[in-house]
Amino acid sequence: MTVRRWRSQPDDRELPKLYSRALDEVVCELAAEGKLERESPLVQAAVAETRRAPFATITAHLGIPAESLMAGQFSEQMMVDSLSQIGRSSERQKEVQRNSKRILSFKNWGKEWKERISSLMTVLQSKNLHAFDKLVAYGALFYLVTPIDLIPDNIPVFGYMDDFVILGFAVAYYAKRFPTLLGNHDE
């Protein structure tokens, strides 16, 4: 069906899948270019509907410099900066707080997941750290709950590998920077 024929149909008729997918891809591209607000419900829905969001959309949403990743200039400092950038947003911090039950449910996925989640929750609850020091933890936990990440979560087995690695990196960062903070956090 052409767009012209579809438009002549009654208003309650659903947009054909072909056009819906194309529209979702256009919305993702516009968000990646900064022409649409990445936090808007429209963009979030479009990204969630696309099976594979464009790389530029993902990196822009997360605040990771795509050029550095594509050029192979990945470094520990870039990861810290990226997670801090992600965690800097008060909206993303609120999203982590709103999803705390969901985040805690990942502890049921095994010992390593439990240790990583417990460690980062310890960081967020610490009275000994400044808000600035908690940004990496917020960034890593937001990455866990956001549907927009480097490996889509809906891919069986592999979908949460990137989340697991990000959480591990964040825990290693805190263990190195604040060695006494993450003592025994098994709950």
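The structure this text deals with has already been given above.
What you see is a predicted model; the values in this text were computed from it and never measured.

1. Describing the overall build of the protein
Phase 1 of the analysis: For the protein, the helix and strand inventory stands at 11 helices and 0 strands.
Phase 2 of the analysis: Tracing the protein from N to C terminus, the helices and strands come up as α-α-α-α-α-α-α-α-α-α-α.
Phase 3 of the analysis: Burial analysis of the protein (187 residues in total) assigns 44% to the buried set.
Phase 4 of the analysis: Long-range pairs, those at least 24 residues apart, make up 56% of the contacts in the protein with a sequence separation of at least 6.
Phase 5 of the analysis: Accessible surface for the protein amounts to roughly 11300 Å². Of this, 54% is attributable to carbon and sulfur atoms.

2. Looking at helix 11 (residues 161-177)
In an α-helix, one turn spans 3.6 residues; hence positions three or four apart end up facing the same way.
Phase 1 of the analysis: Taking 1.5 Å as the rise per residue, helix 11 with 17 residues should run 24 Å; its terminal C-alpha atoms sit 24 Å apart, in good agreement.
Phase 2 of the analysis: Turning to helix 11, its buried residues number three or more, namely Asp-162, Asp-163, Ile-166, Leu-167, Gly-168, Phe-169, Ala-170, Val-171, Tyr-173 and Tyr-174.
Phase 3 of the analysis: The secondary structure elements touched by the buried residues of helix 11 are helix 6 (76-88), helix 9 (111-125) and helix 10 (135-145).

3. Some thoughts on the packing of aromatic side chains
Each aromatic ring pair is described using two quantities: the centre-to-centre distance and the angle formed by the ring planes.
Phase 1 of the analysis: Evaluation of the coordinates by the stated rule reveals 8 aromatic pairs.
Phase 2 of the analysis: With a centroid separation of 5.0 Å and an interplanar angle of 75 degrees, the aromatic rings of Tyr-173 and Tyr-174 are classed as edge-to-face.
Phase 3 of the analysis: Classification of Tyr-173 as buried rests on a relative accessible area of 14%.
Phase 4 of the analysis: A residue is classified by how much of its surface remains accessible, and Tyr-174, at 0% relative accessible area, is buried.
Phase 5 of the analysis: Members of the aromatic cluster, joined through ring pairs, are Phe-106, Trp-109, Trp-113, Tyr-160 and Phe-164.
Phase 6 of the analysis: The ring of Phe-164 has Arg-116 sitting right over it, with the charged end atom 3.7 Å from the ring centre.

4. Description of the environment of Glu-91
Phase 1 of the analysis: Within the fold, Glu-91 resides in helix 7 (residues 90-98).
Phase 2 of the analysis: For the pair Glu-91 and Glu-39, spaced 52 residues apart in the sequence, the C-alpha separation amounts to 9.1 Å.

5. Section: the environment of Leu-150
Phase 1 of the analysis: On the secondary structure map, Leu-150 appears in the loop between helix 10 and helix 11.
Phase 2 of the analysis: Taking the C-alpha atoms as reference, Leu-150 lies 7.0 Å from Asp-162; in sequence the two are 12 residues apart.

6. So, the nonpolar core
Phase 1 of the analysis: Counting 35 residues, the largest nonpolar core has Leu-83, Leu-120, Leu-141 and Tyr-174 as the members making the most contacts within it.
Phase 2 of the analysis: Secondary structure elements with two or more residues in this core: helix 6, helix 9, helix 10 and helix 11.
Phase 3 of the analysis: Looking at this core, the element that brings in the most residues is helix 10, giving 9 residues.
Phase 4 of the analysis: Residues within four places of Tyr-174 in sequence aside, it is in contact with Leu-120, Val-123, Asp-133, Lys-134, Leu-135, Val-136, Ala-137, Pro-179 and Leu-182.

7. Examining the packing of helix 6 against helix 10
Phase 1 of the analysis: At their nearest, the axes of helix 6 and helix 10 sit 7 Å apart, and the two run at 80 degrees to each other. Of the possible angle classes, the one that applies to helix 6 and helix 10 is roughly perpendicular. Residues Val-80, Leu-83, Ser-84, Ile-86, Gly-87 and Arg-88 of helix 6 lie in contact with helix 10, whose contacting residues are Leu-135, Val-136, Tyr-138, Gly-139, Ala-140 and Phe-142.
Phase 2 of the analysis: Each residue belonging to the contact of helix 6 with helix 10 can be placed in one class, and the counts come to 8 nonpolar, 3 polar and 1 charged.

8. Describing the pattern of salt bridges
Phase 1 of the analysis: Evaluation of the coordinates by the stated rule reveals 6 salt bridges.
Phase 2 of the analysis: For Glu-112, the salt bridge identified is with Arg-116, shortest N-O distance 3.8 Å. Here Glu-112 and its partner Arg-116 are both found in helix 9, 4 residues apart, which amounts to about one turn of the helix.
Phase 3 of the analysis: Among the residues examined, Arg-116 registers a relative accessible area of 16% and is labelled buried.
Phase 4 of the analysis: With a closest N to O distance of 3.7 Å, Asp-133 and Arg-177 form a salt bridge. With Asp-133 in the loop between helix 9 and helix 10 and Arg-177 in helix 11, the pair connects residues that are 44 residues apart, well separated along the chain.
Phase 5 of the analysis: On the basis of relative accessibility, which here comes to 10%, the residue Asp-133 falls in the buried class.
Phase 6 of the analysis: Since its relative accessible area comes to 44%, Arg-177 is described here as partly exposed.

What counts, and at which threshold
Residues numbered from 1 in each chain as written. Predicted model: local features only at pLDDT ≥ 70, side-chain atom pairs only at ≥ 80, totals over all residues. Heavy atoms only, no water. Helix = DSSP H or I, 4+ residues; strand = E, 2+ residues; numbered from the N terminus. Buried < 20%, exposed > 50% of the residue type's maximum accessible area, 1.4 Å probe, protein only. Contact = heavy atoms within 4.5 Å. Areas by Shrake-Rupley, 256 points an atom, 1.4 Å probe, with all protein chains shown as cover. Expected span 1.5 Å × (residues − 1). Phe/Tyr/Trp six-rings, centres within 6.5 Å; stacked < 30°, edge-to-face > 60°. Lys NZ or Arg CZ within 6 Å of the ring centre and 35° of its normal. Core = buried A, V, L, I, M, F, W, Y, C linked by side-chain atoms within 4.5 Å. Axes fitted to C-alpha atoms, helices over the stretch in contact; angles between N-to-C directions. Parallel < 35°, antiparallel > 145°, perpendicular 65-115°, else oblique. Nonpolar A, V, L, I, M, F, W, Y, C, P; charged D, E, K, R; others polar. Salt bridge = Lys/Arg side-chain N within 4 Å of Asp/Glu carboxyl O.

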